Amino acid sequence: MFLKKKKIVFLFFLLAALITPLFSALGETSYDLEKLCETGSWEQECDKLSEEECENLCNQCLEYLNQKGAKVQQEISETGQKKQTLQNQISTLNKKIKDLDYQIYQSNISIKSLGFQIDDTESSIVQTSEDIDGQKAKVAEILRAVQKEDKKDFLEIMISSDTVSQFFDNMIYLETLSVKNKEVLLNLQDLEDGLRTKKVSLEEETDELKNLVIIQGIKKEESAKTKEDREYYLGLTEKEYQAKLQEKEEIEKQAAEISKRIFELVGIKEGGIEFGEAVEIAKSVESITGVRAAFLLAIIHQESYNNGKFGGNVGQCYVTNFTTGSGTDLKGNAKQRVMSPKDATLFLEITKELGMEATKTPVSCWMPLYSKGVPYGWGGAMGPAQFIPSTWNLYRAKVSEITGRPANPWSVNDAFLAAGLLLRDNGAAQNEFRAAMRYFSGGSWTKQEEFYGRSVVARANEYQKDIEILEQAKK
C-alpha cells in the first residue's frame, strides 16, 4: 500500500512537471506578425502594452521583417538570372517595392525602439544629476564641520577638552571628516564622469534618430521612383519591351538630353545648374582630389536635392537672432533652431568675409525632431554641399589656397571642391561607401544608416553611365 501511494505521488509530480511548461507557454503573448508588422498596426498595439512588452513586439517585428526582406532579395536575385522579359521586369520591380516597404516598416520600428533608449538615457541623466546634487550637499556639510573645527586654536581645544582622551577624540573626529570627504569627492567624481558619458550617449542616440528619419525619407523617395518605373513598364507590350532592350539610341541625342538635365541645387540661382556643367565642375574636382566625379555628384545630390519631399528644407531659412539661433523661412514665417549659437560666430565671420548680409543668406532649416516633447538638433547647413560653419571652417583655407580667392560655400565650384576635399580625407579613393557614411554620420553608424551609403553608391553608378555617354559624344 505504501509503495502504491509512493507511485501515485511520483506520477502526480511528473504530470505537474509536464503541465507547468505548457501553461507557461500558453501564457506568453503571441502576435499575428504579418498583420501587425506589415500594416503599421504594431504601433496601436504598443499603446496597449507596457514599455517592455512594446520593445519585445518591436524586436519580433524587426526579426520578422528581416526574414521577409531576405526572402524577397533572394527572389529578386533568382528573377535576375532568368530571361529578360517584360513579365520578369515587372515582377522584379514589384519585389523591389515590397523590399523597400519592409525597410520603411523597419525604420518606423527602429525609430520607436530608439525613442525608448533615449527616454531611458534621459531618465538616467536626471537620476545621476540628482545623485550629484546629493553628494555636493554632503561635501558642503563636511566642509562646514571641518571649517568649524579649524577655527579653534590649539589652546582652545585643550581648554575645552576635559581630558586628554577627549582631546584625541576631537583629533580623530577631524581625521574621520577628512577621510569621509575624500570618499564623497571620489564618489562625486565618478558620478560626474558617468554623467558626461551618459550625455555623450544621449547625443549619439539623438543623432542616430535624426539619421534614421533622413534615411526613411530616402527610402520613400526610392520607392516612389520604383513605382513610376513599374507604371512605365506596365504600359509596354512584350514586343515593345524587347525592342527597348535591343535598340541603341543615338549617343549624341542621349548626351544632349543628359547634359541639359537640371542638376537641382537648393539655394542656387534658379534652383540648380545643367547636369553637363555639374559634370565638368565635378571632373575638375576629381583632377585635384582624386574623388570620382560621379561619386561627388551623388553626394551633392543626396545633400541638396529638392523634390518637394526629401531635402525640401535645404537653404530655405534665414538666421535672424544669433544668440538664440532662431530665424525665418524665405517667406518671413518664424522658425526655431535655424542655427546653433555655437556656429553663429563663424557664420558671421564667413558672411562678412564674402560681403554678404548674414540675416539674408540662406541656410538649411531645422528638421523638427523631439524627444519627450523637447526639441533637439539644429539647421544651419550652408550651400549645395551642406557644410555647417564649423566644418566649412576646416576646409575654407584649403579651398582659398586652390582658387586664390575667399572660399564661398554658396558657390557651386567652391562647394564641390570643399566636398571633394572632405571626401578625399574620408578615404573615397579607397572605399566610396565608407567615405559616404563618414560624410553622413561621422566615424560610426548603424546598420540602418548604411542605406544612405548604398543609396549614394548606387546613384554614383547611375551618374557614371551618364558621364560615359557624355564622354563618348565628345569623341
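Residues numbered from 1 in each chain as written. Predicted model: local features only at pLDDT ≥ 70, side-chain atom pairs only at ≥ 80, totals over all residues. Heavy atoms only, no water.

Draft legend 1. Examining unusual backbone geometry more closely. For Arg337, which is not glycine, the phi torsion reads 55 degrees and is therefore positive. You can see Arg337 is positioned in the loop between β5 (334-335) and α12 (341-353). Overall, the relative accessible area of 18% leaves Arg337 in the buried class. In this structure, Gln386 takes a positive phi of about 55 degrees despite not being glycine. Residue position: Gln386 is located in the loop between β7 (374-375) and α13 (389-403). Note on Gln386: relative accessible area 15%, which makes it buried. (Helix = DSSP H or I, 4+ residues; strand = E, 2+ residues; numbered from the N terminus. Buried < 20%, exposed > 50% of the residue type's maximum accessible area, 1.4 Å probe, protein only.)

Draft legend 2. Representation of the state of the cysteines. In the structure shown here, the tally under the stated rule is three disulfides. Paired through a disulfide, Cys37 and Cys61 show a sulfur-sulfur distance of 2.1 Å. The S-S bond linking Cys37 to Cys61 shows a torsion near -80 degrees; that makes this disulfide left-handed. With Cys37 in helix α2 (residues 33-37) and Cys61 in helix α4 (residues 51-80), this residue pair connects regions lying 24 residues apart in the sequence. Note on Cys61: relative accessible area 1%, which makes it buried. With a sulfur-sulfur separation of 2.1 Å, Cys317 is cross-linked through a disulfide to Cys365. With the S-S bond torsion at 100 degrees, the cross-link from Cys317 to Cys365 turns out right-handed. In this pair, Cys317 is assigned in strand β3 (residues 317-319) and Cys365 in the loop between α12 and β6 (370-371), connecting sequence segments 48 residues apart. Across the pair, Cys365 and Cys317 agree in class, each one buried. Ordering the disulfide-forming cysteines of the protein chain by sequence position, one finds them joined as 1-4, 2-3, 5-6. (Disulfide = S-S within 2.5 Å.)

Draft legend 3. Region of the structure containing the pattern of salt bridges. Per the counting criterion, the structure on display carries 12 salt bridges. Its salt-bridge partner being Glu471, residue Lys283 comes within 3.5 Å of it at the nearest N-O pair. Of this pair, Lys283 sits in helix α10 (residues 275-289) while Glu471 sits in helix α16 (residues 450-474), and the two are 188 residues apart along the sequence. When its relative accessible area of 33% is taken as the criterion, Glu471 is described as partly exposed. (Salt bridge = Lys/Arg side-chain N within 4 Å of Asp/Glu carboxyl O.)

Draft legend 4. Region of the structure containing the side chain of Thr289. Residue placement: Thr289 occurs in helix α10. For Thr289, a relative accessible area of 8% puts it in the buried group. Dropping the residues within four chain positions of it, Thr289 is found in contact with Leu417, Gly420, Leu421 and Arg424. (Contact = heavy atoms within 4.5 Å.)

Draft legend 5. Expanded view of the packing of α10 against α16. Running from N to C, α10 and α16 point in directions that differ by 95 degrees, and their axes come no closer than 11 Å. Looking at the two axes, α10 sits roughly perpendicular to α16. Here Phe275, Val279, Glu280 and Lys283 of α10 lie close against α16, whose contacting residues are Tyr463, Asp466, Ile467, Leu470, Glu471 and Lys474. Taken together, the residues of the contact of α10 with α16 sort by class into five nonpolar, no polar and five charged. (Axes fitted to C-alpha atoms, helices over the stretch in contact; angles between N-to-C directions. Parallel < 35°, antiparallel > 145°, perpendicular 65-115°, else oblique. Nonpolar A, V, L, I, M, F, W, Y, C, P; charged D, E, K, R; others polar.)

Draft legend 6. Representation of the nonpolar core in the model. Residues Phe295, Phe416 and Tyr452 are the most contacted members of the largest nonpolar core, which totals 61 residues. Filtering out sequence-adjacent residues up to four positions away, Tyr452 remains in contact with Ile215, Ile218, Ile299, Gln302, Glu303, Ala436, Met437, Tyr439 and Phe440. The next biggest cluster of nonpolar side chains, apart from the first, holds 19 residues, and it includes Leu36, Cys37, Cys61 and Tyr64. (Core = buried A, V, L, I, M, F, W, Y, C linked by side-chain atoms within 4.5 Å.)

Draft legend 7. Representation of the environment of Gln464. With respect to the helices, strands and loops of the structure, Gln464 is situated in helix α16. Placed 185 residues apart in sequence, Gln464 and Val279 show a C-alpha to C-alpha distance of 10.0 Å. Leaving out residues up to four positions away in the same chain, Gln464 has contacts with Arg292 and Ala294. A distance of 3.1 Å separates a polar atom in the side chain of Gln464 from a polar atom in the side chain of Arg292. (Polar contact = N/O pair within 3.5 Å; in protein donor to acceptor, adjacent residues only side chain to side chain.)

In short, the description is geometric, and any link to function would need to be established separately.
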